[in-house]
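Summary of structural features
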Amino acid sequence: MSVLRPQDKEDLDGNNKNKIFGPSCKRHKRLSVYNNSINGTQLSQEQRSQDEEDLEATTQNFTTSLKCLKNVDHYNSKSSEQLQEQEDSAAGILQWVTVKNFMCHDHLNFTFSPNINFVQGRNGSGKSAIASAVVVGLGGTARDTNRGKNTQGLVKYGKQTATIEIALKNTGKEAFKHELYGDTIIVERKIQIKGGGGYKIKAKNGSVVSVKKDEVQRMLDHFNIQVDNPITILNQDMSRDFLNTADSKGLYKFFLKATQLQQMKDDYNHLQKALKISSDIIQNRKEHLPLLKKEVDEQRTQYEFSVSLNDKRKKLHELRKELVWAMIIQAEKEEVASHKELERHESSVKAVQDKISSYATKSEEEQNLYRKIQEELNNISSKIKGLSSKVKKAREDMVDAKMKHKDKQMQFNTAERKIQNIQKEISVLKEAVERDYNDAWTIYNAELPLWEEKMKAVENELDVLEHSKNTEETHFVNIQNTLNLKENCLETIHQEQIAIKLRCQALEKELRGLKSNKSTVYGQWVPQLLAAVDSAHSKGAFIKKPVGPLGEYIKLGNEKWGHVAEKVLGNRITSFRVDNHKDKMVLKTIMRKIFGNTELQPSIIVSKFRDQVHNVSYEVQSDKYPSLWSILIVEDTVVANTLLDEMKVESILLIPTAKEAGHILKDKAAVPENCMCAFTLNCDTYYPDPNYRLHSGRGQRPTKYLQVSVEQKQRETQAELEHSKENLKACHQKMIDMRAEISELKNECNASRKKSLSIKQAMDKLHCKQADLRNQKPSPPTDVCQLEEDIRQQETVLKEAQDNFQKIKEDIASSKDAFTKASSEFENVTKEEKDQFKIAENEKEKLSLAEGRMNKQIHAMDIYKKKEKELQKVKKEAEMKLKAASEKLERQLERASDFQPRMDTVRSVEEIQRQYSGLEARLNKERAQAGDPLKIAERYKATKERYSAVSSEIESHNNLIKKIKESVSVRLGQFKYFRKLLSIMIKSTFKSSLVVRKLNGSLNFDFEKEELTLSVVKIDSERCTDKQSIVKSGNKKVPKQSLAMMSGGERSFSTVAFIIALWEVMESPVRILDEFDVFMDIVARQQSMTMMIDASKSRTQYIYLTPLDINLSFNKKKNPSIYRMPDPERNAADRN
């Protein structure tokens, strides 16, 4: 029987790689307990097979647990061996460390001596970077150095890559893979500023042996170097905290971590938890054993029940026979009914066909009459067409004759007037010849020079006045243009003043509204409109109450994108949404009452209200940038769906800068999924590749509606009102100044106009004088010879005109006769055409009546044809129904061949079917429950055997767990003994180390409370205060001090003695201490260093990092090496 589910087995075996109980495991997974819920009365075959597989998995897990206990024993023995005095090994010490672009160093190469090394440097010189480089280079993390959260932060500022190379000595019997690496192992680690990096483990000759971190860990385990153990490497922060701590629990934790007892303790605790979980699972499965016993009893009952099913099978057969013959009787009745229905449809089709034949005959008669009338109408139309051409020709002839007669009359009148004019001219010429022109020439020659002199004087005066007039007109035009510009400017300022007044009134009204109602942020009309909507809704005018303004329900999750959100939403912020068109019409009526017929009405969106927000799984996908939908907090489902439907806010990406937007959206591969467009903080709009384009925005502006408080809106409105009033005052002053300038220009314009008028009057007088002079110009006398020649020519022209007049008179009589004849002919043809038109109208009326009768017959015939088609269709369906009924009856008779003889029954098929189905269902259910008797017997036997096997296996597992618990208990005792042994050794070493300063110290380990108390007694002191505890030593009382009561130097010295004591019990080839002496006085520091140097082992490497000067006298036999770091750049600058 199983104790673990398959997924539990994966947790134990797969996820932790069969190491969940091992001492090196640092992360444990909690095991899940299999709780099998049994809802029925039996276990399925699948569950039983699963139980058997889980049983095997549990056995393997317990076997693994026993192996893990052996590993713990080995671990304990190894730690015990570290306490023994062994021959020192030179393998594992640091030969040199090189860093590039690491922390504050560009390049640093540090070579260490094999024993004692002092590194002295001022704060900021980079000495602590050496310890950090050792930790990180040998696989540690940035947290182990207390220098950051990740290794990327250790790369020098401005650099891309940091490199750490560490050389470790690899000689002697403790060498690690000497055949591959040789005498030196070089570990190189690269750190990338963008993340990543890697390891290279090289041999002495520089060849790369491995690039895996696991190889570094194996090497460190071999050399027993633990970079995260404070006894191996005590960094600056941990040194400061440790040297200043007085917490007993903190000292105890430090002791456990330094001696690796904490790891052992965690491993034992995890092992105990695993055993408890396994015990609980076994107990849980043990409680399920009665169910298996119950299953055996149920299977035996089912076998006995299966015997009683034969009688029910016989009764089911009889019901089956009755059902078959009932179905045959029903099919026979259906066949008779189908046959009668077919005969009824056939008679209906025959009656309709007779009607169609009758209407076809009548329709043919009407068609013959229609064709006859149509032929007569065509003949009349042909006659009318011939008469129309005659009428047209007669009209043309009459018009032509009329025009010719009219032309002759005009020629007659012209010739008559010409004769009269010629006769008159001849008379005038004859009178002129008779006059005497000799005296006229003498007078003409004397008057002409005088006249020319007067004319020239007048023309000179006119030129002067003309020049003055042009100058004055130019001056007037300039003044008039300036005046027009000023008047236009005045009108513009006046209009601006009116606009500002209206704006002030609107702002005052808005300010009053803001003080009374916060919804006026969206407009002065909002409170009135919302009140009207509420009133209409309460009266039942709306099917669903409109929602709006939409901006009232929208808040901003990130206010810096508010102006972008308002740009995208546009005027929809003040719009309303309704559920249907009826509600839209009602809302429009309300708006019309409030706004009138102006265009200021908010828009209305019609869309069905939904109870849930649309699915936004297709929202634009970006890990770095938000979508517009993600920064909007929408309180109403209807408003949220409006934003998704109308504005597609889930597909709009928000990218702060244009550079980032262009970089992402130019490349189709980089465009986030479902991105329709993107906006920047400057309101630039970007559309992604392959249709990449952008539209520049107008920059950032404060939000007008979204998440604007009423108080802020009031302040903004008040500020705008005051600014508008100032503008109004400025406009008023401008108008006063402008009117003064216009008045001056008008005065100047009037003066110029008067001057121009006086010049014009003077010029008019001169023009009149000039005209009089032209009229007074002397005329030369006429030549008589020329006059006589003119008389002769005019007499010749007169004779020709008289001849032409006589000819025209004769043509007029002829044209009048032609016109009279053409008019008579036109009247006769027109009368004949009218008569034919009357005859044609009568024929058309007859034709229309005939066409109506014919169409009526055709329409009636079409109706009956359509009815015949429908009846034929119904008839065909009846035939198919009859055929189907016959075929069904045949099939039923064939099925009844196995149920002879015929059985007559009066019960319906449905009744028999219900009884048959019910009995069959019960029989099937009982048969399914009972099953095959042989299989039931076999199943009962197999279940009983499995029950016995599972019971015995659970018992054996219980015994196994009991043995494992006993073994764990023994090992916990060994762990406590080992812990006590370590504490005794540490106490002894600690006490001997304090003698240097004449101190008598002790370490008090309280393993139950997990506390470590460090106490020091001054041997030569007799002072005792109320806060000191007294320790008896023979008959002499001496003062006793706790760690918190000591001075800084004494505390630091005592903790150094504690570290040396831990060194004695924990072996490591390398020990590094950073700034361990900063809190010591000179004496304590000298004694501590002397003590550490004296306690040092010859082939263990010690590296001490200190900011203090090293001028102490050491044991010359130890020969310590001292390295001085160069001063940091800032300290050098201070000295200069």
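Look above for the structure.
Now for a description of the structure that goes with this document. (Residues numbered from 1 in each chain as written. Predicted model: local features only at pLDDT ≥ 70, side-chain atom pairs only at ≥ 80, totals over all residues. Heavy atoms only, no water.)

1. Here's the deal with helix α24 (residues 1082–1095)
Side chains of residues three or four places apart in an α-helix project in the same direction, reflecting 3.6 residues per turn. Over its 14 residues, α24 runs 20 Å from end to end, which matches the ideal 20 Å to within 8%, given 1.5 Å per residue. By the burial criterion, the buried members of α24 are Ala1084, Arg1085, Gln1087, Ser1088, Met1089, Met1091, Met1092 and Ile1093. (Helix = DSSP H or I, 4+ residues; strand = E, 2+ residues; numbered from the N terminus. Expected span 1.5 Å × (residues − 1). Buried < 20%, exposed > 50% of the residue type's maximum accessible area, 1.4 Å probe, protein only.)

2. Quick notes on the pairing of strand β22 (residues 1101–1106)
For β22, a buried count of 6 out of 6 residues is recorded, marking the element as mostly surrounded by other parts of the structure. By the alternation rule, side chains of β22 split into Gln1101, Ile1103 and Leu1105 and Tyr1102, Tyr1104 and Thr1106, which are all buried. As paired strands, strand β3 (residues 116–120) and β22 are joined by 5 bridges and run parallel to one another. Residue pairing in the sheet places Gln120 in a bridge with Thr1106 of β22. For strand β21 (residues 1070–1074) and β22, the ladder comprises 5 bridges, and the chain directions are parallel. Of the residues in β22, the one forming a bridge with Val1070 is Gln1101. Tracing the backbone out of β21, into α24 and back to the parallel element β22 gives a crossover that is right-handed. (Pairing = 2+ DSSP bridges. Right-handed = clockwise from strand over helix to strand, strands pointing away.)

3. Observations concerning the sheet that holds strand β16 (residues 693–695)
Strand order in the open sheet formed by 4 strands is β13-β14-β15-β16, and the pairing between neighbours is mixed. Strands with a single pairing partner mark the edges of an open sheet, and in this sheet they are β13 (652–654) and β16. For this sheet, the mean inter-axis angle between neighbouring strands, taken without regard to orientation, is 25°. Inspection of the sheet shows β13 paired to strand β14 (residues 677–679) by 3 bridges, in the parallel sense. Looking at β14, one finds that Leu653 is bridged to Ala678. Lying on the sheet, helix α14 (residues 562–569) is in contact with β13, β14 and β15 (685–687); it crosses β14 at an angle near 135°. (Axes fitted to C-alpha atoms, helices over the stretch in contact; angles between N-to-C directions. Contact = heavy atoms within 4.5 Å.)

4. A few points about the sheet that holds strand β8 (residues 233–234)
As summarised here, the arrangement of the 5 strands in space is β8-β21-β22-β3-β23, forming an open sheet in which the pairing is parallel. Looking at which strands have only one partner, the edges of the open sheet turn out to be β8 and β23 (1121–1124).

5. Some details on unusual backbone geometry
In this chain, Gly548 is followed by Pro549 through a cis amide linkage whose omega measures -10°. Locating Pro549 in the fold gives a position in the loop between α13 (526–538) and β9 (554–556). Here the amide bond leading from Asp689 into Pro690 is cis, since omega sits at 15°, within 30 degrees of zero. We note that Lys648 has phi near 55°; this positive angle belongs to a residue other than glycine. Located in the positive-phi region is Cys683, a residue other than glycine, with phi close to 65°. Looking at the secondary structure, you find Cys683 in the loop between β14 and β15.

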